[in-house]
Amino acid sequence: MSPWNQGRMTIEALLADGALERVPPDTDGAQALLDRAWTHLRSAETLAESDVELAYDALHAANRKALTALLLTQGLRPTRQGGHLSVYEAVRAQLHPPLGSVLAPYQRIRRARNAADYLDGLSASPDDVRADLPSCRAIVDVAAKMLGQMSVFRTEPQSWELEG
């Protein structure tokens, strides 16, 4: 599989800043994260009426785990320092264009979830959760489709490494 070059500079910067770290590529672990993302989406749908705050936690967790799955297949994962934002930045850098519009709701969902978690208030309703479900399903679906297409992230070889 040829190297994935789109977004390379962003990934290298996130690695240098400590927002991402290298790990062994793990396709099985990535698939497990995707499976959990689908479960979280079902949970969000179930919780929409009774607990909007927890439903948004589930939507955000689904999005984050789906995008983290893509990174894991590349031998990358976010650090505590990079957190949830580095997941989005890394995947968006690699998939936008053409998939930026599909990934864009990630940030809004993250902010809605944070508003509730950090006592900024959550003004969302059950209808808002139901309206956001298709966008979150699209994010998880894109991750599922891209899972086998993104190669392990490797730093470009230095010229001295190419010599015999």
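Caption draft 1: Spotlight on the overall build of the protein chain. Along the backbone of the protein chain there are 8 helices and 2 strands. The helix and strand sequence of the protein chain, counted from the amino end, reads α-β-α-α-β-α-α-α-α-α. Out of the 164 residues in the protein chain, the part that is buried amounts to 46%. In the protein chain, the share of contacts with a sequence separation of at least 24, taken over all contacts with a separation of at least 6, comes to 81%. Summing over all exposed atoms, the protein chain offers an accessible surface of approximately 8,600 Å²; the carbon and sulfur share of this is 52%.

Caption draft 2: Representation of the confidence of the model for the protein chain within the structure. For the protein chain, the average pLDDT comes to 89, and 90% of its residues sit at 70 or higher. Here residues 157-164 is modelled with pLDDT under 50, and outside its nearest four sequence neighbours on either side it reaches 1 contact, counting other chains as well.

Caption draft 3: Geometry of the nonpolar core. Counting 46 residues, the largest nonpolar core has Leu59, Leu67, Leu70 and Leu95 as its most contacted members. Elements supplying a minimum of two residues to this core: α1 (8-17), α2 (27-47), α3 (52-73), α4 (83-95), α6 (105-117) and α7 (126-146). With 12 residues, the top contributor of residues to this core is α3.

Caption draft 4: Focus on the packing of α6 against α7. For the pair α6 and α7, the least separation of the axes is 10 Å and the interaxial angle reads 125°. Between α6 and α7, the angle is such that the two are oblique. Here α6 and α7 pass one another in a crossing that is left-handed. Here Pro105, Tyr106, Arg108 and Ile109 of α6 lie close against α7, whose contacting residues are Asp132, Ser135, Cys136 and Ile139. Among the residues forming the contact of α6 with α7, the class breakdown is 5 nonpolar, 1 polar and 2 charged.

Rules used in this analysis
Each residue is numbered by its place in its chain's sequence as written, counting from 1. Totals for whole chains, interfaces and linings use all residues, but because this is a predicted model, local features are given only for residues with pLDDT of at least 70 and pairs of side-chain atoms are given and counted only at 80 or more. As a rule here, side-chain values come from all non-hydrogen atoms in the structure, and water together with hydrogens is ignored. Comment: elements are numbered from the N terminus, with helices defined as DSSP H or I runs of at least four residues and strands as E runs of at least two. Relative accessible area decides the class of each residue, using a 1.4 Å probe on protein chains only: under 20% of the type maximum gives buried, over 50% gives exposed, and in between gives partly exposed. Any two residues whose heavy atoms approach within 4.5 Å at even a single point are treated as in contact. Surface accessibility follows the Shrake-Rupley procedure with a 1.4 Å probe radius. Residue values consider only the protein chains on display as shielding. Per-residue confidence from the predictor is given as pLDDT, running between 0 and 100. In this description, a nonpolar core means a group of buried Ala, Val, Leu, Ile, Met, Phe, Trp, Tyr and Cys residues linked to one another through side-chain atoms lying within 4.5 Å. Axes here refer to lines fitted to C-alpha atoms; in helices the fit is confined to the stretch in contact. Angles between the N-to-C directions go from 0 to 180 degrees. Here roughly perpendicular refers to angles of 65 to 115 degrees, roughly parallel to angles under 35, roughly antiparallel to angles over 145, and oblique to all remaining angles. Each crossing gets its hand from how the near helix is turned against the far one by less than a right angle, where anticlockwise is left-handed and clockwise is right-handed. Residue polarity follows a fixed list, in which Ala, Val, Leu, Ile, Met, Phe, Trp, Tyr, Cys and Pro are nonpolar, Asp, Glu, Lys and Arg are charged, and the others, Gly among them, are polar.

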